Amino acid sequence: MIKKQYILGLLIALLFASCSNDEKTVFINVDDNGSPVNPTPTLTLKEKAKFKIGAAVKMKDLQNEANFKNAVVKHYSQITAEYEMKMASIWTSSTAYNYTAGDYLVNCAKDNSLEVHGHTLVWYDSFPEWFKNAKYDSIAFEAKVKIYITDVVGHYKGKVKSWDVVNEVFADGGALRNETVINSLFKDPIGFYGRCFRYAKAADPDAKLFYNDYSVVIDGGKRAAIKKMVARFKANGVPIDGLGDQFHYATDTNRQTMKTGFTDLASTGLLIHISELDIKVNTGKSDSYVFNDVEQQKQSETYKYITTMYEELPQNQKFAISTWGVTDKYTWLTSFWHPKEYPLLLDADYNKKQAYQGFLDGLK
Ligand code: XIL
């Protein structure tokens, strides 16, 4: 009896001693000779990836928040201006350009060894008001756009390594979008877009030139229209290097559809850019949504699926995966989708989410 009590007491004392020990237990890996080896350090996204990892950023966040800038520099190898290099931001009047924010971003990138992807030269949603109000005919319209592309690509020659020359030409299903004046101005809008690529190429022959759109891998009609345009461009020597699918998808986006579409897109042989990646979790737009552990896990799996899929591309078609933002603290989706949204890889305090690990696990 006494012996039993003694042993029990000893066990409790041992347990207590190990629980109350303030120092962390450190497990050291040992090699065959029993000598300690360093545990493998956790790599950041940019350290692990063999292609660029990009982020959309705003000048004000880089300037105002050290944590934001530190996160960009630590995890990413490329930046894109979220809006400051769009036409409406740069082309402030028919005789003036505002390069302040773009130049800031380019200099910040240079100082921190980041590449810059330019977004975007021609987008129906970013023609400046003064330009739309001018009511140009097709000749004057194209002449102005040519000057703009020549000047802007020339200004950033050698500094902006790649451009989304044309953004979002097709509506869901593959028809040309109605929202733009281009359809009514030009008998052959695709011909006009092709010439925009030529103007960009003339201004910086080394820049990689992209067509960018959304839902490309999940919308067969839109993808067919893009492939038809690419075939025409190739046949006519239009200098297109790559295609971007924005990848504003969600945890419930059908993965098989995504993969089939992705393979089909890759059949063009062009560079493929996952250009504005974010993964919505609050798919029902619910005010009472809680981003709990199960939801975190779902999002992480989606990210892993996407990076795994990207890695299956032929090596020479890999260009970059770029997220549309850096932290859940700032994401366009909280205004464009629902205030309760958590689509990115870092949480509002810049901690890595499970999504970060999922993204990382999918990389080779
Ligand atoms: C969005 C930006 O995130 C917003 O800050 C801005 O007000 C509107 O544009 N597709 C695109 C991007 O190609 O340019 C859009 O960016 C998001 C959808």
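For the structure itself, consult the block above.
Residues numbered from 1 in each chain as written. Predicted model: local features only at pLDDT ≥ 70, side-chain atom pairs only at ≥ 80, totals over all residues. Heavy atoms only, no water.

For this particular structure, what's the right way to read the pairing of strand β4 (residues 78-81)?
The side chains of a regular strand alternate between both faces of the sheet. Burial of β4 is two-sided: the residues Gln78 and Thr80 facing one way and the residues Ile79 and Ala81 facing the other way are all buried. Here four bridges tie strand β3 (residues 52-57) to β4, and the two strands are oriented parallel to one another. Bridge assignment links glycine 54 to a residue of β4, and that residue is glutamine 78. In terms of strand pairing, β4 meets strand β7 (residues 115-123) through three bridges, oriented parallel. Bridged to glutamine 78 within β7 is glutamate 115. (Buried < 20%, exposed > 50% of the residue type's maximum accessible area, 1.4 Å probe, protein only. Helix = DSSP H or I, 4+ residues; strand = E, 2+ residues; numbered from the N terminus. Pairing = 2+ DSSP bridges.)

What's the story with the pattern of salt bridges in this structure? I'm lost.
Summed over the entire model, instances satisfying the criterion amount to twelve salt bridges. For lysine 227, the salt bridge is made with aspartate 264, and the minimal N-O distance between the two is 2.6 Å. A residue pair is termed long-range when its members are at least 10 positions apart, and lysine 227 in helix α11 (residues 220-235) and aspartate 264 in helix α12 (residues 255-266) qualify at 37 residues. The closest approach of N and O atoms between lysine 298 and glutamate 295, which form a salt bridge, is 2.8 Å. One end of the pair, lysine 298, and the other, glutamate 295, are both in helix α13 (residues 293-311), three residues apart, so they sit about a helical turn from each other. Glutamate 295 gets classed as buried once you look at its relative accessible area, which sits at 12%. Bridged by salt links that share partners, the residues Arg223, Lys227 and Asp264 form one connected network. (Salt bridge = Lys/Arg side-chain N within 4 Å of Asp/Glu carboxyl O.)

What's the story with unusual backbone geometry in this structure? I'm lost.
Most peptide bonds take the trans configuration, and most residues that are not glycine carry a negative phi. Look at the link from histidine 119 to threonine 120: it is a cis peptide, with omega at -5 degrees. As for its position among the elements, threonine 120 is in strand β7. A positive phi is found at phenylalanine 247, a non-glycine position, where the angle reads about 65 degrees. Look at phenylalanine 247 and you get buried, because its relative accessible area is 1%.

Just checking my understanding: could you explain the packing of α12 against α13 for this structure?
Helices that pack against each other are described as a pair by the angle of their axes relative to one another and the distance between those axes. It is the contact of α12 with α13, at a shortest axis distance of 11 Å, that shows an interaxial angle of 20 degrees. What the angle tells us is that α12 and α13 run roughly parallel. Between α12 and α13 lies a crossing of right-handed hand. The residues of α13 that touch α12, namely those facing Arg255, Gln256, Met258, Lys259 and Phe262, are Lys298, Glu301, Thr302, Tyr305, Ile306, Met309 and Tyr310. A per-class count over the contact of α12 with α13 returns six nonpolar, two polar and four charged. (Axes fitted to C-alpha atoms, helices over the stretch in contact; angles between N-to-C directions. Parallel < 35°, antiparallel > 145°, perpendicular 65-115°, else oblique. Left-handed = near helix turned anticlockwise from the far one by under 90°. Contact = heavy atoms within 4.5 Å. Nonpolar A, V, L, I, M, F, W, Y, C, P; charged D, E, K, R; others polar.)

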